[in-house]
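Close look at the chain arrangement
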Amino acid sequence: EFRLWNPGHEVEAKRNLRGLLPQAALDELAAALTPEVEGVMERPRIRHRPTSFTVEARGRNGASMTRTLRVDDAGNPYVYNGYFRLGDRDQGKGVGLKMFAAQAMRSKAIGIKYFKTTAAQGGGFNGYYTWARMGYDGDIPARIVTNTPFKNAKRISDLMGTPAGREFWKKLFEAIGIQKEEL
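Reference entry: report on the structure contained in this document. Predicted model, so just to flag it, every value in this text is computed and none were measured.

1. Remarks on unusual backbone geometry
- With a phi angle near 60 degrees, asparagine 147 is a residue other than glycine that sits in the positive phi range.
- Mapping asparagine 147 onto the fold places it in the loop between helix H5 (142–145) and helix H6 (156–160).
- With a relative accessible area of 77%, asparagine 147 lands in the exposed category.

Following this line, the structure appears as structure tokens:
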């Protein structure tokens, strides 16, 4: 069984990813971060940096994703979901959800602790809403909810829990960093 991290390593050793993983482990990590679902993505390209590991994959109909493995200050490995776009043919059919579920399941199995992203809106992107529906959460700046029926909402999950809150978030979103705590 492949496990990405040995909890006994020192934090600084964990933060330096270069040379830490053999090629077979890198291939398995790439597969975990960019799962193949319904023939959407092709073989990923891997880039190594001293403190990160980035996987980029392209696929049919302009599908594309970028995932970066990083380590936080406490030594916990996490994945930054930097970019994700499905081709028009694959949108609205649950393909993205299946890909995210496969990524979460495989990532958890190899020791990834959580995911982060910056959710986008506009230009054909709807991550601000889609990522929130998949459990990503983050603090809401108070100025967004002040003088609204949602003035007590502190986190995106406070809004996503009701139909009215989801509609409010759809209309008044702004880009904020969000993360998925539980895989």
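2. Remarks on the pattern of salt bridges
- For the coordinates displayed, the defined rule picks out three salt bridges.
- Between arginine 155 and aspartate 139 there is a salt bridge, with the nearest N and O atoms lying 2.7 Å from each other. Highlighted residues: arginine 155 in the loop between H5 and H6 and aspartate 139 in the loop between helix H4 (127–133) and H5, separated in sequence by 16 residues.
- Classification of arginine 155 as partly exposed rests on a relative accessible area of 29%.
- We classify aspartate 139 as exposed; its relative accessible area is 53%.
- Each of the salt bridges in this network shares a partner with another, and the network as a whole consists of Asp137, Asp139 and Arg155.

3. Details of the packing of aromatic side chains
- For the structure on display, the rule yields seven aromatic pairs.
- On the basis of an interplanar angle of 5 degrees and a centroid distance of 5.0 Å, the ring pair of tyrosine 78 and tyrosine 114 is categorised as stacked. Taken together, the residues span a long stretch of sequence, with tyrosine 78 in strand E4 (residues 77–85) and tyrosine 114 in strand E5 (residues 114–118) at a distance of 36 residues. In this pair, the class of tyrosine 78 matches that of tyrosine 114, namely buried.
- Between the aromatic rings of phenylalanine 100 and phenylalanine 115, the centroid separation amounts to 5.7 Å while the plane-to-plane angle is 65 degrees, which identifies the pairing as edge-to-face. Taken together, the residues span a long stretch of sequence, with phenylalanine 100 in helix H3 (residues 95–109) and phenylalanine 115 in strand E5 at a distance of 15 residues.
- With a relative accessible area of 6%, phenylalanine 100 lands in the buried category.
- By the ring-pair criterion, three or more aromatic residues cluster together here, those being Phe84, Phe100, Phe115, Trp131 and Tyr136.
- Against the face of tyrosine 78 rests lysine 116, its NZ or CZ located 5.1 Å from the ring centre.

4. A closer look at the side chain of serine 64
- With respect to the secondary-structure elements, serine 64 resides in strand E3 (residues 64–71).
- In terms of polar contacts, serine 64 uses its side chain to reach the side chain of arginine 58, at 2.5 Å.

5. Points about the nonpolar core
- Judged by nonpolar contacts, the single largest core of 30 residues is most densely connected at Phe115, Ile140, Val145, Leu159 and Trp169.
- Those elements that provide at least two residues to this core are helix H2 (23–33), strand E2 (52–58), H3, H4, H5, H6 and helix H7 (163–172).
- Leaving out residues up to four positions away in the same chain, valine 145 has contacts with Ile140, Phe150, Lys151, Ala153 and Phe168.
- In terms of nonpolar packing, the next biggest core, distinct from the first, is built from 10 residues, Val37, Val40, Ala57 and Leu86 among them.

6. Some points on the environment of phenylalanine 84
- Positionally, phenylalanine 84 belongs in strand E4.
- Of the residues examined, phenylalanine 84 reaches a relative accessible area of 22% and is grouped as partly exposed.
- Put simply, phenylalanine 84 and threonine 66 are 18 residues apart on the chain and 6.6 Å apart in space, counted from C-alpha to C-alpha.

How each quantity is defined
- Residues numbered from 1 in each chain as written.
- Predicted model: local features only at pLDDT ≥ 70, side-chain atom pairs only at ≥ 80, totals over all residues.
- Heavy atoms only, no water.
- Helix = DSSP H or I, 4+ residues; strand = E, 2+ residues; numbered from the N terminus.
- Buried < 20%, exposed > 50% of the residue type's maximum accessible area, 1.4 Å probe, protein only.
- Salt bridge = Lys/Arg side-chain N within 4 Å of Asp/Glu carboxyl O.
- Phe/Tyr/Trp six-rings, centres within 6.5 Å; stacked < 30°, edge-to-face > 60°.
- Lys NZ or Arg CZ within 6 Å of the ring centre and 35° of its normal.
- Polar contact = N/O pair within 3.5 Å; in protein donor to acceptor, adjacent residues only side chain to side chain.
- Core = buried A, V, L, I, M, F, W, Y, C linked by side-chain atoms within 4.5 Å.
- Contact = heavy atoms within 4.5 Å.

Distances and angles like these do not, on their own, reveal function.
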